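# Residue-level structural notes
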Amino acid sequence: LFNHLHPIANFNQASLLSYTASPAKTPTSAEIYEYKFVTQEMTLAEHLDEAAAWGGALASIHSTDEMDYVFQETGYNMMFLGAKRKQGSAASDGSASAWEWLDGSPWDFTEWESGEPNKVEWLNEDAILFGALWPRGWYDVMSTNKHGAVYKRVVEGTKTKF
């Protein structure tokens, strides 16, 4: 099994968060993220535990640049992202009313494949999968399926202060 710890990728999620939360705020330092690409096939819950043990979470995506980077690094692997369909949500679309990032960050970017999410009720498609074997977009799938995942953590000492 191959676990790839990418050196360091600079994606300033803090700036995105400040624009979303309050355009007047500017971070005093940029957060730098480190990504781990885990090809070992596990359920979403198992990956959540592994990501936490690594000191991070499953990856949330907040820009086209960040998605480009993550997509490029996954090779031909199908990977979970750190999102879950909201429990009890009546919405069946790909919006923030139906989905949330498990790291608590805002739902401010999506890249759904055409026709997705399709919310096949009897399958309980409650997680997001993407990868190079299908078109680039996101697909809703069951979190109990076993796939690889992308982990993400803030590099120590780069936490943004407002």
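The paragraphs below set out a description of the structure included in this document.

Looking now at the overall build of the protein chain. Counting its regular elements, the protein chain contains three helices and eight strands. Reading the protein chain from its N terminus to its C terminus gives the helix and strand order β-α-β-α-β-α-β-β-β-β-β. Expressed as a percentage of the 162 residues in the protein chain, the buried residues total 46%. Summed over its atoms, the accessible surface of the protein chain is roughly 8,200 Å², and 53% of this surface lies on carbon and sulfur atoms.

We now examine the pattern of salt bridges. Counted by the stated rule, this structure contains four salt bridges. A salt bridge links Arg 153 to Glu 34; the nearest nitrogen and oxygen atoms lie 2.8 Å apart. One end of the pair, Arg 153, is in strand S8 (residues 147–154); the other, Glu 34, is in strand S2 (residues 33–42), and 119 residues separate them in sequence. Judged by relative accessible area, which is 14%, Glu 34 ranks as buried.

Moving on, we get to helix H2 (residues 44–54). Among all positions in H2, only Leu 44, His 47, Ala 51 and Trp 54 are buried. Projected down its long axis, H2 carries its buried residues within an arc of 75 degrees, all on one side. What points out from H2, more than 90 degrees from its buried face, is the exposed set Asp 49, Ala 52 and Ala 53. Directly beyond the C-terminal end of H2, a positive phi value near 95 degrees is found at Gly 55.

Below, the discussion takes up the pairing of strand S4 (residues 78–85). Of all eight residues that make up S4, seven are buried, and the element is covered over most of its length. Sheet topology note: the S4/strand S6 (residues 125–131) ladder contains four bridges and is antiparallel. Paired with Phe 80 across the bridge in S6 is Leu 129. Summarising the sheet, S4 and S8 pair through two bridges and their orientation is parallel. Paired with Phe 80 across the bridge in S8 is Ala 149. Across three bridges, S4 lies against strand S5 (residues 99–101) in antiparallel orientation. When the bridges of S5 are listed, Ala 83 appears paired with Trp 101.

What counts, and at which threshold
For every chain, the first residue of the written sequence is number 1, and numbering continues from 1 along that sequence. Per-residue local features are limited, in this predicted model, to residues with pLDDT of at least 70; the limit for side-chain atom pairs, both in listing and counting, is 80 or more; totals at the level of whole chains, interfaces and linings are taken over all residues. Only hydrogens and water are set aside; all other atoms, that is, all heavy atoms of the structure, feed into the side-chain values. Helix and strand assignments follow DSSP, with helices taken as H or I runs no shorter than four residues and strands as E runs no shorter than two, numbered in order from the N terminus. Each residue is assigned to one of three classes by its accessible area relative to the maximum for its type, calculated with a 1.4 Å probe on protein chains only: buried under 20%, partly exposed between the two thresholds, exposed over 50%. The Shrake-Rupley method, run with a 1.4 Å probe sphere, supplies the accessible areas, and residue values consider only the shown protein chains as cover. We count a salt bridge whenever a side-chain nitrogen from Lys or Arg sits within 4 Å of a carboxyl oxygen from Asp or Glu. The arc under discussion is defined with respect to the helix axis, by the directions toward the C-beta atoms. Here, any two strands with at least 2 DSSP bridges between them count as paired.

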